[in-house]
Amino acid sequence: MTDAQETAADTSLRTTGGAPPDDVAPAPIPLLEPREGIPPVVTSDDALARVIAAFAAGTGPVAVDAERASGYRYGQRAYLVQLRREGAGSALVDPVGCPDLSGLGTALDGTEWILHAATQDLPCLRDIGMTPTSLFDTELAGRLAGFPRVGLGAMVENVLGYALEKGHSAVDWSTRPLPEPWLRYAALDVELLIDLRDALEKELDRQGKLAWAREEFDAIAAAPPAPPRKDPWRRTSGMHKVRRRRQMAVVRELWTTRDQVAQRRDVSPGKVLGDAAIVEAALALPVDVQALTALPGFGHRMGRRQLEQWQAAVDRAKALPESALPQPGQQPAGPPPPRSWADKDPAAAARLSAARTAVSELAEHLHMPQENLITPDTVRRLCWEPPKNPTPGAVEDALAGYGARNWQIQQVAPLLVRALDATA
């Protein structure tokens, strides 16, 4: 980091959330420029081999980012990977031209990866052979350090004093060739990520939270891939309107058909058929294509073949025997919604109220969001079914069983013990 960046970072970290005096005009924030220009996009095995050699020879942590085409393409695959490392500079790698980046992942084995909102990018990076063994998440670090805005642009501006270009985060990154302004935007996403990591590490250390952050980062790096969702069709937006099992079968059949079409065409499912249209068809149970066409979402812009495809899905659901109809969604494991606690278990409601108040006060004292101090679900589970004898050891064991990290247990266990005792 340059002296100017050090000064900007130190000043910002001391004055986060402050404002200049009324008689002092705020200094203009310089727009970040690529230090070495925009690197060429790597699309061949030969070019990839050169990047792998350069990054293997680099020093220190590596900044990593990935761009997806959410809302445009099926799934969450990466369409561009950006990297930067001391001694190697920046690189832009096209996973379409180079679908296997396991060699790059191997070259970076044992190196700390710096990502912003790591859990968003790790699944698509894992799919192309890149998995970190250790990481530093600058978004999570910002949360733990108490920054009110933790988007990458806001963090770079508040901590390092530079403005990032905006406007290309939600574009269709599957476009080929990628426009130069998009590539510029992508390269800048990793330009100062190492500098940001260093400044945040200092701030977390100053606040006595660095060990906490390390625990969080290690947990993210060690987490296994999320298992496939069971009955993903039940997450259709507006599903709460669908009450009857026959209608649920229509949602399931339309959702499954849509997913197959979207996967075959490699487009976002929402571009094939909207959730609202699926729910409308389930509620109406149309008898034929003409009736289907009259429903919202199935208008004149849809071709006859498409309409027949959706009506066939409806008809399949209507023809199912009762035994094959989906059952009403089972309640998720764990406690019921808190709004019903007062009626179902007033003592549990009192425990939850006391625990929430205590957690809120501690989170405010520590200058971090409550959900980063301890997840709301963990608090609910503990209060709904507390240990029979809520000793400090028993509460600590319960929190660990729900996945709380050691630092979280040390911070919240004493106050949760008091909350359980006070409402016993």
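Residues numbered from 1 in each chain as written. Predicted model: local features only at pLDDT ≥ 70, side-chain atom pairs only at ≥ 80, totals over all residues. Heavy atoms only, no water.

Chemist: Explain the domain arrangement of the chain to me, please; I cannot follow it from the model alone.
Modeler: Note: interface size is frequently given as the accessible area lost on complex formation between the parts. Under the domain assignment, the chain is made up of domain 1 (29–222), domain 2 (232–319) and domain 3 (338–421). The gap between the C-alpha centroids of domain 2 and domain 3 is 42 Å. (Domains from an automatic or database assignment.)

Chemist: I keep staring at the pattern of salt bridges and nothing clicks. Help me out?
Modeler: Close approach of charged atoms lets side chains of opposite charge pair. All chains considered together, the criterion is met by 22 salt bridges. The residue R206 makes a salt bridge to E203 at a minimum N-O spacing of 2.7 Å. Of the two residues, R206 and E203 are both situated in helix 8 (residues 193–206); the distance of 3 residues between them amounts to about one turn of the helix. Notably, a salt bridge pairs E322 with R245, separated by 3.9 Å at the nearest N-O pair. Residue E322 is located in the loop between helix 14 (304–319) and helix 15 (341–344), and its partner R245 is located in helix 10 (residues 245–265); the two are separated by 77 residues in the primary sequence. Judged by relative accessible area, which is 24%, R245 ranks as partly exposed. (Salt bridge = Lys/Arg side-chain N within 4 Å of Asp/Glu carboxyl O. Helix = DSSP H or I, 4+ residues; strand = E, 2+ residues; numbered from the N terminus. Buried < 20%, exposed > 50% of the residue type's maximum accessible area, 1.4 Å probe, protein only.)

Chemist: Even after reading the chapter, I still don't get the pairing of strand 4 (residues 89–93), so can you show me in this structure?
Modeler: Side-chain positions along a regular strand alternate between the two faces of the sheet. Burial within strand 4 is extensive, with 5 of its 5 residues counted as buried. The pairing of strand 1 (residues 41–42) with strand 4 spans 2 bridges and is classified as parallel. In the strand pairing of strand 4, V41 is matched with L92. Across 5 bridges, the pairing between strand 3 (residues 78–86) and strand 4 is antiparallel. In the sheet register, R84 faces strand 4, and the bridge partner there is S90. (Pairing = 2+ DSSP bridges.)

Chemist: Help me understand the UniProt feature "domain: HRDC" (unreviewed entry) in the chain, please; the structure alone is not making it clear to me.
Modeler: In the numbering adopted here, UniProt assigns the feature "domain: HRDC" (unreviewed entry) to residues 244–324. Across residues 244–324 one finds 69% helix and 0% strand; the C-alpha atoms that close the span lie 13 Å apart. (UniProt positions renumbered as here; feature names shortened; annotations may be inferred.)

Chemist: Mind showing me how you'd approach the pairing of strand 3 here?
Modeler: Strand 3 sits mainly inside the fold: 8 of its 9 residues count as buried. Summarising the sheet, strand 2 (residues 59–68) and strand 3 pair through 8 bridges and their orientation is antiparallel. Bridge pairing links E67 to L80 in strand 3. Taking the residues that link successive antiparallel strands as the turn, the strand 3-strand 4 hairpin has 2 residues, and the phi of G87 there is positive, at about 90°.

Chemist: Help me understand the sheet that holds strand 6 (residues 134–137), please; the structure alone is not making it clear to me.
Modeler: Within a sheet, adjacent strands bond to each other through the backbone by hydrogen bonds, running parallel or antiparallel. Pairing in this open sheet of 6 strands is mixed, and the strands run 1-4-3-2-5-6 from one edge to the other. Every interior strand has two partners, whereas the edge strands, strand 1 and strand 6, have only one. Contacting strand 2, strand 3, strand 5 (112–115) and strand 6, helix 4 (residues 118–127) crosses the sheet at an angle of about 80° to strand 2. (Contact = heavy atoms within 4.5 Å. Axes fitted to C-alpha atoms, helices over the stretch in contact; angles between N-to-C directions.)

Chemist: So what exactly am I meant to see when it comes to the layout of surface pockets here?
Modeler: Over the atoms, a rolled probe matching the size of one water molecule traces out where space is still vacant. Within this model, the largest pocket holds a volume of roughly 1,100 Å³. Lining the largest pocket are 33 residues; nearest its centre among them are G75, Q76, P123, A226 and R229. For the lining of the largest pocket, the secondary structure elements donating two or more residues are helix 4, helix 9 (210–222), helix 10 and helix 11 (269–272). Looking at the lining of the largest pocket, the element that brings in the most residues is helix 4, giving 6 residues. For the lining of the largest pocket, the class distribution of residues is 14 nonpolar, 8 polar and 11 charged. Lining the lining of the largest pocket are residues from two domains, each supplying at least three of them: domain 1 (29–222) and domain 2 (232–319). (1 Å grid on protein atoms, 1.4 Å probe; cavity = no way out; pocket = protein on both sides within 12 Å on 5 of 7 lines; lining within 4 Å. Points joined across faces, edges and corners; volume = space filled by probe spheres on them. Nonpolar A, V, L, I, M, F, W, Y, C, P; charged D, E, K, R; others polar.)

Chemist: What exactly am I supposed to notice about the nonpolar core here?
Modeler: What tends to happen in soluble globular proteins is that the nonpolar side chains get buried as a cluster. Counting residues in hydrophobic clusters, the biggest one holds 85 residues, and the most contacted among them are L83 and L125. Counting residues domain by domain, this core receives three or more from each of domain 1 (29–222) and domain 3 (338–421). Excluding its chain neighbours within four sequence positions, the residues that come into contact with L125 are V64, A66, V81, W113, L115 and M130. Counting 31 residues, the second largest nonpolar core, distinct from the first, contains M248, L254, V279 and L285. (Core = buried A, V, L, I, M, F, W, Y, C linked by side-chain atoms within 4.5 Å.)

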